[in-house]
Amino acid sequence: MNLKQVHIGFYGAVMGLAGLGLTARAAAPLFPGTIRAPAYFTEIWVALGAIALVVLICAYFAKLLRYPNSVKEDFTNPLTMGFCGALPVGMSLVAGGLAPYSPSLGSGLWWIAFALLLAFQLWALVRWLSGGIEFAQVNAGWLILLVGGIVLPAPGIALGHEEAARFAFGVSASAAPVLTALLFYRAVTGPALPPALRPSWFILLVPPSLIYANGIALYPDAAFLEVLYPFALVLAVGLLIYSRQLARWPFGPPWWAFTFPLDALAYAAVRYAQEHPSALWKSIAGAALALATLFVVLVLWRTLRSAASRRG
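Notes on the structure in this doc start here. Since this is a predicted model, take the numbers as computed values, not measurements.

**A word on the packing of aromatic side chains**
So, step 1. Under the counting rule described, the total for this entry stands at 21 aromatic pairs.
So, step 2. Here the aromatic rings of tyrosine 242 and tryptophan 249 are separated by 5.7 Å at their centres, their planes lie at 50 degrees, and the arrangement is tilted.
So, step 3. Taking the relative accessible area as the measure of exposure, tyrosine 242 reaches 34% and is therefore partly exposed.
So, step 4. Of the residues examined, tryptophan 249 reaches a relative accessible area of 7% and is grouped as buried.
So, step 5. Across from the ring centre of tryptophan 255, 4.9 Å away, lies the NZ or CZ of arginine 302, which sits over that ring.

**Structural notes on empty space enclosed by the protein**
So, step 1. Scanning all chains against the criterion turns up 1 cavity of 30 Å³ or more.
So, step 2. Of the voids in this model, the largest cavity is the one considered here, and its volume is about 40 Å³.
So, step 3. Around the largest cavity sit Phe114, Leu117, Leu118, Gln121, Leu152, Phe167, Ala168 and Val171, which together line it.
So, step 4. The set of elements that each furnish at least two residues to the lining of the largest cavity consists of α5 (103–129) and α8 (162–189).
So, step 5. When residues of the lining of the largest cavity are assigned to their parent elements, the largest contribution, 4 residues, is made by α5.

**Things to note about helix α3 (residues 68–76)**
So, step 1. Within α3 the residues assigned to the buried category are Ser70, Val71, Asp74 and Phe75. Within α3, the buried residues cover an arc of 140 degrees as seen down the axis, which keeps them to one side. In this structure, α3 carries Asn69 and Lys72 as exposed residues pointing more than 90 degrees from its buried face.
So, step 2. Structurally, α3 contributes buried residues whose contacts are with α2 (42–66) and α5.

**A short note on the side chain of threonine 42**
So, step 1. Along the polypeptide, threonine 42 turns up in helix α2.
So, step 2. In this structure threonine 42 comes out as buried when scored by relative accessible area, which is 0%.
So, step 3. Side-chain polar atoms of threonine 42 contact the side chain of glutamate 43, separated by 2.8 Å.

**Concerning the nonpolar core**
So, step 1. Trp110, Ile150, Leu183, Ile203 and Tyr212 are the most contacted members of the largest nonpolar core, which has 112 residues in total.
So, step 2. No other element matches helix α11 (residues 259–275), which puts 11 residues into this core.
So, step 3. Leaving out residues up to four positions away in the same chain, tryptophan 110 has contacts with Ser92, Ala95, Leu152, Pro155, Gly156, Leu159, His161, Ala164 and Ala165.

**What to know about the environment of glutamate 275**
So, step 1. Mapping glutamate 275 onto the fold places it in helix α11.
So, step 2. Exposure remark for glutamate 275: the relative accessible area of 46% places this residue in the partly exposed category.
So, step 3. Taking the C-alpha atoms as reference points, glutamate 275 and glutamate 226, 49 residues apart in sequence, are found 10.0 Å from one another.

**A closer look at the pattern of salt bridges**
Any two side chains of opposite charge can pair, on the condition that their charged atoms come close.
So, step 1. With the rule as written, the count across this model stands at 4 salt bridges.
So, step 2. The residue arginine 25 makes a salt bridge to glutamate 43 at a minimum N-O spacing of 2.7 Å. Here arginine 25, found in helix α1 (residues 12–27), pairs with glutamate 43, found in helix α2; they are 18 residues apart in sequence, far enough to count as distant. Neither residue differs from the other here; arginine 25 and glutamate 43 are each classed as buried.

**Here's the deal with the side chain of serine 70**
So, step 1. Checked against the element boundaries, serine 70 lands in helix α3.
So, step 2. With residues near it in sequence (within four places) discarded, serine 70 still touches Lys4 and Lys63.

**Digging into helix α10 (residues 228–242)**
So, step 1. Helix length check: α10, at 15 residues, gives a terminal C-alpha distance of 21 Å against a target of 21 Å (1.5 Å per residue), a fit within 8%.
So, step 2. Turning to α10, its buried residues number three or more, namely Tyr229, Ala232, Leu233, Leu235, Ala236 and Leu239.

Procedures and definitions
- Residues numbered from 1 in each chain as written.
- Predicted model: local features only at pLDDT ≥ 70, side-chain atom pairs only at ≥ 80, totals over all residues.
- Heavy atoms only, no water.
- Phe/Tyr/Trp six-rings, centres within 6.5 Å; stacked < 30°, edge-to-face > 60°.
- Buried < 20%, exposed > 50% of the residue type's maximum accessible area, 1.4 Å probe, protein only.
- Lys NZ or Arg CZ within 6 Å of the ring centre and 35° of its normal.
- 1 Å grid on protein atoms, 1.4 Å probe; cavity = no way out; pocket = protein on both sides within 12 Å on 5 of 7 lines; lining within 4 Å.
- Points joined across faces, edges and corners; volume = space filled by probe spheres on them.
- Helix = DSSP H or I, 4+ residues; strand = E, 2+ residues; numbered from the N terminus.
- Arc of directions from axis to C-beta.
- Contact = heavy atoms within 4.5 Å.
- Polar contact = N/O pair within 3.5 Å; in protein donor to acceptor, adjacent residues only side chain to side chain.
- Core = buried A, V, L, I, M, F, W, Y, C linked by side-chain atoms within 4.5 Å.
- Salt bridge = Lys/Arg side-chain N within 4 Å of Asp/Glu carboxyl O.
- Expected span 1.5 Å × (residues − 1).

Quick look at the structure:
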């Protein structure tokens, strides 16, 4: 693949792969004997996420040196700028994956992710306040950038950075309702997204799923956050119906937007099933985890096949 084709959206692969590994770890106590952590199912996804992060950072740095204007376009084009948040968010998930093996390395990576995400969020706010963005260019990828801080608490808590995790969570959880409302308004009144970007609507699953799951972890008395989980389930069903013709959508980096939101939904489902032990919620958690795994495998396979065909 030409360096110029290394799209900023490919960092979504890190989120999808590492996110599935961390979700499977969380699910292990819920399905004893089926999922064991660390073991054959959980750690392979964490390892693949770490490998993807290293490969993509090297490739994207090379792209920066050779095609700086192309990198600038990734970060300034309203249609793609939101995906730059996938780099620090993916870093934080890999950091959580490293926690049981090398806490010091994981902590260092998590702090880099924290600082980088905050810097990107400030830059994006300035960019948006400066105007000049057409309403049709508003897209769900912006959630990765502005709301990505709600992802940081799970690995942050595992690494002992609870206060910083609260800060990142507070910034992003506060922005989530405003941006989510804007996105739904854009979906209802604006033109349909180009087919290549339609998988990005799945990112709408992330705020209700992780504001619930990580909010409860940070604030155990905030039981009212549980109301977000049923909404996430209904939204997921609606999005799956919406994407019933996904085979006709052109494949590209935005397809990774199927993966990490479904990881987030599965993580919320696991947390809810642990808090509300019953066969129903356990079955839903198992189905959500299976669905997330299916999409990660599908998109990974199509990405590798696409890369191989271009190389050939």
